[in-house]
Amino acid sequence: MSIQAKNWLGASALGAVLMSSTALPALADEALADLVEEVAPSVVTILATQTAKAQPASQIPDMDGTPFGEFFRQFGAPEGMPTPKQGPRQGLGSGFIIDADGLIVTNNHVVDGADKVTVKLSDDRSFEAVVVGTDPLTDLALLRIEAGVDLPALDMGDSDTIRVGEDVFAVGNPFGLNQTVTTGIVSAKGRNISEGPYAEFIQTDAAINKGNSGGPLFNMEGEVVGVNSAIYSPTGGSVGLGFAVTSNIVDVVVEDLLDDGKVDRGWLGVSIQTVSPDIAAAMGLDDAQGALVSDVVEDSPAEGTLKTGDVILSFGGKPVTSSTDLPRLVGATKSGERAQVGILRDGETQTVEVTVGAFQTTAQVEEAVEEVESGKALGVTVAPLTAETRAKAGVDDGTEGVVVMSLKPGSPAEEAGLRPGDVIVKLGSQATPSPQALKDALESEKTDPALLLVKRAGSQIFLPVKIA
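Keep in mind that what you see is a predicted model, and the values were worked out from it rather than measured.

### As for the overall build of the protein
Each helix and strand in the protein was counted, giving 12 helices and 28 strands. Taking all 468 residues of the protein together, 44% fall into the buried category. Total accessible area on the protein stands at roughly 23300 Å², and carbon and sulfur atoms take up 50% of it.

Below you can see the structure in the form of structure tokens.
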């Protein structure tokens, strides 16, 4: 129900009697239609084109001379089957204009890996876009087009003030159906959907489908309160569980990307965990809140200032109610800045000051990427665990291992079920805290297949891998 309808419901009892029940939805529908008419011209279609790579001949099944050969020639190969055909692949998503000069926000995953990005406006004009910058850790990207005229820009709302149960609506291009509008409510706030510690999501039951990615989620003032980024669905279609990156995070990321095309995040260097009711009781705390420091990284900004067992209650003057709050607050702080940290230590509250360090960039991580080969082939490329690779892999600072960056097609690692983003903790009985340690463990391992201990999406699993 819209804000306008709620105002009618707040009228006197006499007004409620005189106002027919069917008039309220009509008024609400008219108000929503006015809003959609106002904001829709600012919502755009994003076309991301990537040159397709030919599949190796060894991976293409030979169907000539079989009953399937003629079938495939007529109807095409099943989804997922390798194909030798070459040609550009095109992805489709949504975006929205935030500045009259042609600045456009969308999702990083919409444009990631694209050789060419085209923006199609609501009036069917198309422009090639320049990618100003991307931030994979919040799945946001900033584009720019030169339209030659001022474009209709949207207003950004304050996502902190939106309430659960409040009406929202989305505009986007699900399955390529341009300017599709869906409505719903805010189902929850502050959702963490394992997309990394720096993104916070609004959950909505407004229908979000493939192609909505990067489009805006609006409040009933016509302000953008989120960027539709993900859905949870066992079927691939909308089941009423959509997630949008909050507009307040978008504001911070866009400002940083405009500066130099990348996001400068702060780093503290602590491992933290949630203060559960049992932990609170054991520590003599009245409330289960804050972030409990379980470890302090050596040579980090926190070393010498914070201690294991401290409970961080605030950072930079903002409250830390749970462990998920702290990474976002630290990440939004520029490296080199000094921040006041409110802590509980040995039963007493106090304030300490830290100089925030620099979050390691992707470029620095990629310099350390190594392909792991020895006398035995594994077929995997890994990188050391840094602040950024830990965030991407979803592991804490206490985890030792190497993160999988890529796999060779048909390699033992791929056949074992290893995936990019997995963290290899052990091979056999040997720990693998570095790429060289993994090489050494691979060379000295006597058992074939060997067991890999892997951390994936918050869980530890064993994978048998052939290494002979």
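### Points about a negative patch on the surface
The grouping of Asp158, Asp160, Asp251, Glu255, Asp259 and Asp260 at the surface amounts to a negative patch. Among the structural elements, Asp260 can be located in helix α6 (residues 247-260). Overall, the relative accessible area of 44% leaves Asp260 in the partly exposed class.

### A short note on the packing of aromatic side chains
With the rule as written, the count across this model stands at one aromatic pair. Between Phe169 and Phe218 the ring centres are 4.9 Å apart and the planes differ by 20°, which places this aromatic pair in the stacked class. With Phe169 in strand β8 (residues 167-172) and Phe218 in strand β11 (residues 216-218), the pair connects residues that are 49 residues apart, well separated along the chain. We classify Phe169 as buried; its relative accessible area is 0%.

### Some points on the pairing of strand β27 (residues 450-456)
One face of the sheet, then the other: side chains in a regular strand alternate in exactly this way. Burial analysis of β27 places five of its seven residues in the buried class, which makes it a mostly covered element. Sheet topology places strand β25 (residues 423-427) next to β27; four bridges connect them, and they run antiparallel. Each bridged residue has a counterpart across the sheet, and for Leu427 the counterpart in β27 is Leu452. Pairing geometry for β27 and strand β28 (residues 459-465), over seven bridges, is antiparallel.

### Notes on α6
Under the 1.5 Å per step criterion, the end-to-end length of α6 is 20 Å for 14 residues, consistent within 8% with the ideal 20 Å. Regarding α6, the residues found buried are Ser247, Ile249, Val250, Val253, Val254, Asp256 and Leu257. Following α6 by one or two positions, Gly261 has its phi on the positive side, about 80°.

### Brief notes about the sheet that holds β11
Taken in spatial order, the six strands line up as β8-β9-β10-β13-β12-β11 and close into a barrel, and their pairing is antiparallel. Adjacent strand axes in the sheet meet at a mean angle of 45° when their direction is disregarded. Alignment of β8 against strand β9 (residues 180-191), held across six bridges, turns out to be antiparallel. Directly across from Phe169, in β9, lies its bridge partner Thr183. Strands β12 (224-231) and β13 (242-246) of the sheet are contacted by α6, whose axis makes an angle of about 45° with β13.

### Some remarks on the sheet that holds strand β7 (residues 140-144)
Taken together, seven strands build an open sheet; the order of strands is β5-β4-β1-β2-β3-β7-β6 and the sheet is antiparallel. Edge strands, defined here as strands with exactly one partner in the open sheet, are β5 (126-128) and β6 (130-135). The mean inter-strand angle of the sheet, taken between neighbouring strand axes irrespective of direction, is 30°. Bridge count between strand β2 (residues 88-99) and strand β3 (residues 103-106): three bridges; the pairing is antiparallel. Directly across from Ile97, in β3, lies its bridge partner Ile104. Across the sheet, α6 touches β2, β3, β6 and β7, and the angle it forms with β7 is around 50°.

### Notes on the pattern of salt bridges
Summed over all chains, the structure comprises nine salt bridges. Across the pair Asp123 and Arg125 runs a salt bridge whose closest N-O atoms are separated by 2.8 Å. When its relative accessible area of 44% is taken as the criterion, Asp123 is described as partly exposed. For Arg125, a relative accessible area of 33% translates into the label partly exposed. When salt bridges with common partners are traced through the structure, they connect Glu200, Asp325 and Arg328 into a single cluster.

### Quick look at the confidence of the model for the protein
Low pLDDT means the predicted atomic positions in that stretch should not be read closely. This prediction gives the protein a mean pLDDT of 81; 81% of its residues lie at or above 70. Predicted confidence is poor over residues 1-22, with pLDDT under 50, and the contacts of this stretch with residues over four places away or in other chains come to 19 contacts. Note on residues 361-368: pLDDT is under 50 here. Beyond four places in sequence and across chains, it has 11 contacts.

### Here we look at the pairing of β6
Note that β6 and β7 share five bridges and pair antiparallel. Residue pairing in the sheet places Thr134 in a bridge with Ala141 of β7.

### With respect to the side chain of Thr45
Its location among the elements puts Thr45 in strand β1 (residues 43-51). Separated by 3.1 Å, the side chains of Thr45 and Asn173 make a polar contact. Here Asn178 takes part through its side chain, which lies 3.4 Å from a polar atom of the side chain of Thr45. In this view, Thr45 contacts Leu92, Gly93, Thr118, Val119, Lys120, Asn173 and Asn178; residues no more than four positions away in its chain are not counted.

### Some words on the nonpolar core
Residues Val105, Leu140, Phe169, Phe218 and Val250 are the most contacted members of the largest nonpolar core, which totals 28 residues. Contributing elements (two or more residues each) for this core: α3 (23-39), β3, β7, β8, β12, β13 and α6. For this core, the element with the most residues is α6, which contributes five residues. In this structure Val105 touches Gly95, Phe96, Ile98, Ala141, Leu142, Gly214, Val227, Val250 and Val254, once residues within four positions along its chain are discounted. Among the nonpolar cores identified, the runner-up in size contains 20 residues, and Leu407, Leu427, Leu438 and Val465 belong to it.

### Concerning unusual backbone geometry
You will see that Asp124, though not glycine, has its phi angle at about 75°, which is positive. Inspection of the secondary structure puts Asp124 in the loop between β4 (116-120) and β5. Owing to a relative accessible area of 54%, Asp124 belongs among the exposed residues under this scheme. The backbone of Asp346 shows a phi angle near 55°, a positive value even though the residue is not glycine. Relative to the helices and strands, Asp346 is located in the loop between β19 (338-345) and β20 (348-355).

Cut-offs applied
Residues numbered from 1 in each chain as written. Predicted model: local features only at pLDDT ≥ 70, side-chain atom pairs only at ≥ 80, totals over all residues. Heavy atoms only, no water. Helix = DSSP H or I, 4+ residues; strand = E, 2+ residues; numbered from the N terminus. Buried < 20%, exposed > 50% of the residue type's maximum accessible area, 1.4 Å probe, protein only. Areas by Shrake-Rupley, 256 points an atom, 1.4 Å probe, with all protein chains shown as cover. Patch = residues over 30% accessible without salt bridge, like charges linked within 9 Å, V, L, I, M, F, W, Y side chains within 5 Å. Salt bridge = Lys/Arg side-chain N within 4 Å of Asp/Glu carboxyl O. Lys, Arg positive; Asp, Glu negative; His and termini not counted. Charge placed at Lys NZ, Arg CZ, Asp CG, Glu CD. Phe/Tyr/Trp six-rings, centres within 6.5 Å; stacked < 30°, edge-to-face > 60°. Pairing = 2+ DSSP bridges. Expected span 1.5 Å × (residues − 1). Axes fitted to C-alpha atoms, helices over the stretch in contact; angles between N-to-C directions. Contact = heavy atoms within 4.5 Å. pLDDT = per-residue confidence, 0-100. Polar contact = N/O pair within 3.5 Å; in protein donor to acceptor, adjacent residues only side chain to side chain. Core = buried A, V, L, I, M, F, W, Y, C linked by side-chain atoms within 4.5 Å.

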